[in-house]
Amino acid sequence: MILVTRLLVFRARITTLEGMVNPEDDIPFFGDNEEPVQMATASGGIAARALAARNRHSEPATYLNGLNPEQKRAVETIDGPVLVLAGAGTGKTRVLTTRIAHILAVGKAYPSQILSVTFTNKAAREMKQRIGVLVGGAVEGMPWLGTFHSIGVKILRRHAELVGLRSDFTILDTDDQIRLLKQLIKAEGLDDKRWPARQFAMMIDGWKNKGLGPVDIPEGDARAFANGKGRQLYEAYQNRLKTLNAADFGDLLCHPIRIFRTHPDVLKEYHKKFRYILVDEYQDTNTAQYMWLRLIAQGSHNVCCVGDDDQSIYGWRGAEVDNILRFEKDFPGAAVIRLERNYRSTAHILGAAAHLISHNEGRLGKTLYTELADDEHDKVIVHAAWDSEEEARALGEEIEQQQRHGHKLNDMAILVRASFQMREFEDRFVTLGLNYRVIGGPRFYERLEIRDAMAYLRVVCQPADDLALERIINTPKRGLGEAAIRQVHDYARARDIPMLQAAGDLIMTEEMKPRPRKSLTDVVENFRRWSSLLETMPHTELASQILEESGYTDMWQNDRSADAPGRLDNLKELIRSMEDFESMRAFLEHISLVMDTDRNENLDAVSIMTLHSAKGLEFETVFLPGWEEGLFPHQRALDEGGRSALEEERRLAYVGLTRAKINCHIWFVSNRRIHGMWQSTIPSRFLDELPSEHADVAEPESSYGGYGTSSVGGGYGASRFDKAEPFSGSYDTPGWRRAQANRNDATRQNWGSRSGHAVERVGYGETDSGYGAGRTSVKSPVIDGELVAKSVADEPSSFTIGDRVFHMKFGNGNVAGIEGNKLTIDFDKAGQKRVLDNFVDKKQ
DNA sequence: CATTGGAGCGACAAA
DNA sequence: CGCTCCAATG
C-alpha cells in the first residue's frame, strides 16, 4: 500500500516533467515504441521511491547513498562533458546506472532521450537490468541502450535508403563476408590461395574500424593486397553488398557516419533526440566509433565517457587508447573524475595486479587502493603443472576443493587467453561431472545445421540474400551441382539481379537441362510460397514448415551418423528460441548481432571464458591457466606488435587478475600441444612481474600434486618443479643472459636440463632487459653455448627410422618417420605421436 | 553429379 | 589435431 502511494507520487512528478518540456524539444521520433514512458511500474524502483521520498521531505535522494565523493560527483555532474577514469572494481557500472537514474529523477530527459553505449551485449544487458532496479519499468523506455552495433543498426534501418540499402538489409557475419570475398577474388582472376579472403576481410575490417571507405584508404594499403588491386576489390565488395542488400559489421558504424556527414538534417534530428550520452569502456573505442560519437555529441555536449586505460585490450580491433587521452581536447571544459577506490578485490590481488601493470610505460597511471585488510586473505597463488592435461586435472581438483569448503561454482571462473584452451577443461569437467558453462565459446549459432536453417530463413525474409541461397540451394542434395549453380550465378550477375530472381527467370527458358531445371523450379516455388506466408503465418510455425518441406529435417533423420540426433535437437532448440521474438526478422537480427546464448541461468556452474570476454565481470575465485611465453603473452604479440602489443598483453593479464574478489590461482605448464605437436614451454614473464609479497608458489606436494606421475610411460623421475623458486631473484650467468636475449624465438623449447634437476626458472632481473627493442635476428635459445632447440630443421635430422628413443612424456619408442625436425614415433605405451626431435633422446 | 580419402594447411581476441 | 579443398572414383 505504501509502495503504491510512492509510485503515484513519482508518476505525478513525471507528469510535471511532461509539462516542463518544451514541446519543440521532443519531436516525435520513431513513434511507436517511443511514447513517453511511465517511469514507475509495478516493480517500482529505488530511484522512484527515493524521489518520492524527497518530494515529500526534501531529503537527498537515497539512490545516492553509499556512493563515495568521487562517485557522487560523477553521478551528479550531468551537464557538459565528463570523463570518468575508473580503475578496475571502482564501481564504474554503478556510477553509470546511478547517473542515468539521476538524470531521469531530476527530470532532465525522458528515458528515450538517453543514449547509452556499451561494447558487449552482456554489458548492455547487465546495465539494463541494474537500471531497472533503480528506476523500475522506465528502463523499458530506453531504446537507445545497447552496443555500438545494435544502435548502429537501429539508425541505419531508419535511413537505409540514403546509402543505397533497403531497411530490411541483412547483416553478414564474418563467415559470409569471407565467402563473398573469396568469390570476388576469384572473379578477379586472382589466386585465392595466394591472396586469402580471410586476410583481406581483416584488412577491410581494419579500414572500416578507421572509418575509411574505398576512396579513403591510403595508397600503400591499397597496393598491399592482390598486386595493387586492393582498392578495386574493396570497392567491388561494397558494390556487391549493396546488390545483396547487406551490411557487414563495420558498415553498421560506417554507414551512419556517412549519413550524418552528408545529411545534416538527419544528424540534427539525433542532436535533438539525444540529450544525454553515456559511453562505457571508452578506452576500447576505435576511430569509427569515435567519429560516430563526436558527430552525435555535437548536439548536447552532455557526453559522459567512462574508461580505464589499463584495461584497453582491443587494440587489435582498432581501439585507440588515444581517444581517452585526448578527451579533454575534444570536449573543452570537460570535467575529469578519477575513481581509485577499489571495492572488489583483496589487497593481495590488487597489489599483485598493480605491480604487474606498473611494468607498462604508456599509461595515465592510477593508484587503486582498498580498505579491505589483507592479513586474512590468501596471496595470489601460482601453480605449476607438467602439461595441459594435468593443468586441467589439478584445476578441477582445486575447484572441487573449493566446493567442499562451501563455495558456489557460480562464483568461480576460468579465464583463458585463447579459446582452444577451453576444450581441455571441458573434457576434464565432463569426466568429473562438474557443471560448467562456456561463455562465448563455440557457439550454438555457429553450428552447421543452425547456419543452414538460418540460411533458409534469410532467403525467405530477404530474397536478395544470394550468399544464404548459395549455401542451401543444394542442401539437402537436389542434383543442383556446381554447374547448375554457376549457371544461375552467371545469369544473375550478367543482369545484376538476385540469384533467386535469376533462377525464377531461368526456369522459364530452355537454357537448362531438364533435371536441374525441375529441381530449381521446386526450389523457386518453395521460396515463393514461404515468402508469401511470412506475413500471415506465425513465424515459428513457418520456420518448422520450411525445414520440413525443404527436406532439411529429413536429411538429418536419414543420416546414420552419431551426431545426427544432436543436430535435430539443435534444430528444435532453434525453433523454440524463435518464440521469444515477435517476428522472424527480429529473430534474424538478434542472432546476427548477439551470438551468445546463456541458458541455464539458475544452474550452479563454473564459467569458462576468454580473458577478453571477462572484462567487466567479477568472481570470488578466478583461475588463470596457461601463463606461458608464447601463449600468454601470445606469440603474435611478441613477433609482430613490439612493445605496444606486449603492453596490451600485460593489460590483459591485469584484467584477469582484477576479476578476482578473494582468490586468484594462476597456472603454467611445461608442455603444451600446439598444432598437435608437443612443445616445451617456459613460464610467462608476467609471473615474474608479480611481487612476492602478494604472490606465492603452490607447494608441489599439496593435494593436486604429483607432477611426474603421468599415466603414460610414467616413472621417468622427479618433477622439474620440485625445486622451483620462481621469485628468487635473477640468474646472472652469461649463458642465461644470452638465452633471455634470444627468447623471442618462434618456438619456446626445452628450457633447462632434461636430467631432472631443478629447472632454471625465469628470473628477469630488470624488466626491460629481455624483450622490447633489438630483436634483429631470430635465433634459437642457447644456454651456455649449447644449442637447446631450433624450430626449423636446417640440417638433416640426426635420427634415422628405427632408432630407439626416449621421450619425457611418452616413454620409450621407435622412430617411424622423419620430416625435417618432426618425428613420428611409435611409442610402446602411448601409441603413435608426432613430436619435435628436441624432445627425444636417442638410446644407445 | 555425389562420395570419398588424402594432402595440405593453419590459428589469438569479438560484434 | 581438425578443418577445407581437391582429385580420384562410383
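Residues numbered from 1 in each chain as written. Chains lettered and ligands numbered in written order. Predicted model: local features only at pLDDT ≥ 70, side-chain atom pairs only at ≥ 80, totals over all residues. Heavy atoms only, no water.

### Brief notes about the overall build of chain A
Okay, step 1: Looking only at helices and strands, chain A features 31 helices and 23 strands.
Okay, step 2: Here chain A holds 844 residues, and 55% of them are scored as buried.
Okay, step 3: In chain A, 76% of the contacts between residues at least 6 apart in sequence involve partners at least 24 apart.
Okay, step 4: Looking at chain A as shown, the accessible area adds up to about 36,400 Å², and 49% of this sits on carbon and sulfur atoms. (Helix = DSSP H or I, 4+ residues; strand = E, 2+ residues; numbered from the N terminus. Buried < 20%, exposed > 50% of the residue type's maximum accessible area, 1.4 Å probe, protein only. Contact = heavy atoms within 4.5 Å. Areas by Shrake-Rupley, 256 points an atom, 1.4 Å probe, with all protein chains shown as cover.)

### As for the nonpolar core
Okay, step 1: In this structure, F527 and F587 are the most contacted members of the largest nonpolar core, which totals 54 residues.
Okay, step 2: Among the elements that line this core, the one with the most residues is helix α19 (residues 448-461), at 9 residues.
Okay, step 3: The residues contacting F527, other than those within four sequence positions of it, are Y456, V459, V460, L469, I472 and L500.
Okay, step 4: Listed in part, the 45 residues of the second largest apolar core include L85, L165, L253 and I277. (Core = buried A, V, L, I, M, F, W, Y, C linked by side-chain atoms within 4.5 Å.)

### A few points about the protein's contact with DNA strand C
Okay, step 1: The immediate surroundings of DNA strand C are formed by K182, K193, R423, H675 and G676.
Okay, step 2: Interatomic distance of 2.9 Å between a side-chain N/O atom of K182 and a phosphate oxygen of DNA strand C.
Okay, step 3: Here R423 contributes a side-chain N or O atom positioned 3.1 Å from a phosphate oxygen of DNA strand C.
Okay, step 4: For the surface near DNA strand C, the class distribution of residues is no nonpolar, 2 polar and 3 charged. (Near = heavy atom within 4 Å. Polar contact = N/O pair within 3.5 Å; in protein donor to acceptor, adjacent residues only side chain to side chain. Nonpolar A, V, L, I, M, F, W, Y, C, P; charged D, E, K, R; others polar.)

### Here we look at the packing of helix α16 (residues 347-357) against helix α30 (residues 642-657)
Okay, step 1: Between α16 and α30, the shortest axis-to-axis distance is 9 Å and the interhelical angle comes to 175°. Here α16 is positioned roughly antiparallel relative to α30, judged by the angle of their axes. Across the interface between the two elements, I349, A352, A353, A354, L356 and I357 of α16 pack against R650, R651, A653, Y654 and L657 of α30.
Okay, step 2: For the contact of α16 with α30, the per-class residue count stands at 9 nonpolar, no polar and 2 charged. (Axes fitted to C-alpha atoms, helices over the stretch in contact; angles between N-to-C directions. Parallel < 35°, antiparallel > 145°, perpendicular 65-115°, else oblique.)

### With respect to the protein's contact with DNA strand B
Okay, step 1: Inspection of the region around DNA strand B gives 26 residues, with R317, R417, S419, K477 and H675 positioned closest.
Okay, step 2: Between DNA strand B and R317 there is a distance of 3.5 Å, counted from a sugar or linking oxygen to a side-chain nitrogen or oxygen.
Okay, step 3: Within the side chain of T610, a nitrogen or oxygen atom sits 3.1 Å from a phosphate oxygen of DNA strand B.
Okay, step 4: Residue classes in the surface near DNA strand B are distributed as 7 nonpolar, 12 polar and 7 charged.

### Details of helix α17 (residues 388-404)
Okay, step 1: Spanning 17 residues, α17 covers 24 Å between terminal C-alpha atoms, matching the ideal 24 Å at 1.5 Å per step.
Okay, step 2: Within the span of α17, buried status applies to S388, E390, E391, A392, A394, L395, G396, E398, I399 and Q402.
Okay, step 3: The opening residue of α17 is D387, an N-cap whose side-chain oxygen sits 3.2 Å from the backbone nitrogen of E389.
Okay, step 4: A positive backbone phi angle near 90° is found at G406, which sits one or two residues after α17. (Expected span 1.5 Å × (residues − 1).)

### A look at the pattern of salt bridges
Okay, step 1: Tallying each qualifying case throughout the model produces 43 salt bridges.
Okay, step 2: Among the ionic contacts, a cluster of salt bridges with common partners joins K92, D280, E281, D284 and K615. (Salt bridge = Lys/Arg side-chain N within 4 Å of Asp/Glu carboxyl O.)

### Quick word on helix α13 (residues 287-297)
The periodicity of an α-helix, 3.6 residues per turn, causes residues three or four places apart in sequence to face the same way.
Okay, step 1: Counting buried positions along α13 gives 9 out of 11 residues, so the element sits mostly inside the fold.
Okay, step 2: Regarding α13, the residues found buried are A288, Q289, Y290, M291, W292, L293, L295, I296 and A297.
Okay, step 3: N-capping of α13 is provided by N286, with a side-chain oxygen placed 3.1 Å from the backbone N of A288.

### Things to note about the confidence of the model for chain A
Okay, step 1: When pLDDT is averaged across chain A, the result is 78; 77% of the residues are at 70 or more.
Okay, step 2: In this model, residues 52-58 is a region of pLDDT below 50 whose contacts with residues beyond four sequence positions or in other chains number 10 contacts.
Okay, step 3: Confidence drops under pLDDT 50 across residues 701-795; counting only partners more than four residues distant or on other chains, this segment forms 186 contacts. (pLDDT = per-residue confidence, 0-100.)

### Some words on the pairing of strand β9 (residues 380-387)
Okay, step 1: The buried count for β9 comes to 8 of 8 residues, which makes it a mostly enclosed element.
Okay, step 2: Pairing between β9 and strand β16 (residues 695-697): 3 bridges, direction parallel. Looking across to β16, one finds that I381 is bridged to D696.
Okay, step 3: Here β9 pairs with strand β14 (residues 660-674) via 6 bridges, running parallel. Within β14, the position partnered with A385 by the bridge is V669. (Pairing = 2+ DSSP bridges.)

### Considering the pairing of strand β2 (residues 114-118)
Okay, step 1: Burial analysis of β2 places 5 of its 5 residues in the buried class, the great majority of the element.
Okay, step 2: Residues I114, S116 and T118 of β2 are buried on one face, and the alternating residues L115 and V117, pointing to the opposite face, are buried as well.
Okay, step 3: Strand direction decides the pairing type here: β2 and strand β6 (residues 276-279), joined by 4 bridges, are parallel. Directly across from L115, in β6, lies its bridge partner I277.
Okay, step 4: Looking at chain direction, β2 and strand β3 (residues 145-147) are connected through 3 bridges and run parallel.

### Observations concerning the packing of aromatic side chains
Okay, step 1: In this structure the tally under the stated criterion is 25 aromatic pairs.
Okay, step 2: Ring geometry for Y552 against W556: centres 6.4 Å apart, planes inclined by 80°, an arrangement best described as edge-to-face. Of the two residues, Y552 and W556 both sit in helix α25 (residues 552-557), 4 residues apart, roughly one turn of that helix. Here Y552 and W556 have matching classes, each one buried.
Okay, step 3: When the centroid spacing of 5.3 Å and the interplanar angle of 85° are considered together, the rings of W627 and F632 count as edge-to-face.
Okay, step 4: These aromatic residues form a ring-pair network of at least three members: W195, F200, W207, F225 and Y234.
Okay, step 5: Here the guanidinium or amino end of K154 rests over the ring plane of W144, the centre of that ring lying 5.5 Å away.
Okay, step 6: The lysine or arginine in question, R294, covers the ring of F331, its NZ or CZ lying 5.9 Å from the ring centre. (Phe/Tyr/Trp six-rings, centres within 6.5 Å; stacked < 30°, edge-to-face > 60°. Lys NZ or Arg CZ within 6 Å of the ring centre and 35° of its normal.)

### Structural notes on unusual backbone geometry
Okay, step 1: Going from T475 to P476, the amide bond is cis rather than trans, its omega being -5°.
Okay, step 2: Turning to its location among the elements, P476 is positioned in the loop between α20 (466-472) and α21 (482-495).
Okay, step 3: Here F632 and P633 are connected by a cis peptide whose omega angle stands at 5°.
Okay, step 4: On the secondary structure map, P633 appears in the loop between β13 (619-624) and α29 (635-640).
Okay, step 5: Look at A226: it is not a glycine, yet its phi comes out positive at around 50°.

### Quick notes on the side chain of N663
Okay, step 1: With respect to the helices and strands, the residue N663 is situated in strand β14.
Okay, step 2: Polar contacts involving the side chain of N663 include one to the side chain of T621, which spans 3.4 Å.
Okay, step 3: Leaving out residues up to four positions away in the same chain, N663 has contacts with I349, D378, Q402, E620, T621 and V622.

### What about the packing of helix α23 (residues 514-533) against helix α24 (residues 539-549)?
Okay, step 1: At a closest axis distance of 11 Å, the pairing of α23 and α24 adopts a crossing angle of 170°. Between α23 and α24, the crossing angle belongs to the class labelled roughly antiparallel. Every residue of α24 that contacts α23 at N526, R529, W530 and L533 is listed here: L542, Q545, I546 and E549.
Okay, step 2: In terms of residue class, the contact of α23 with α24 is made up of 4 nonpolar, 2 polar and 2 charged.

### Considering the side chain of Q421
Okay, step 1: Tracing the backbone through its elements, the reader meets Q421 in the loop between β10 (412-416) and α18 (422-432).
Okay, step 2: Within the structure, the side chain of Q421 is placed 2.9 Å from the backbone nitrogen of R417, a separation counted as a polar contact.

### Some thoughts on the sheet that holds β6
Okay, step 1: The strand order across the open sheet formed by 6 strands is β3-β2-β6-β7-β1-β8, and the pairing between neighbours is parallel. For this open sheet the edge positions go to β3 and β8 (335-339), each flanked by a neighbour on one side alone. Geometrically, the sheet is characterised by an average inter-axis angle of 15° between neighbouring strands, direction not taken into account.
Okay, step 2: Sheet contacts for helix α3 (residues 69-76): β1 (82-86) and β8; angle to β8, the most-contacted strand, approximately 145°.

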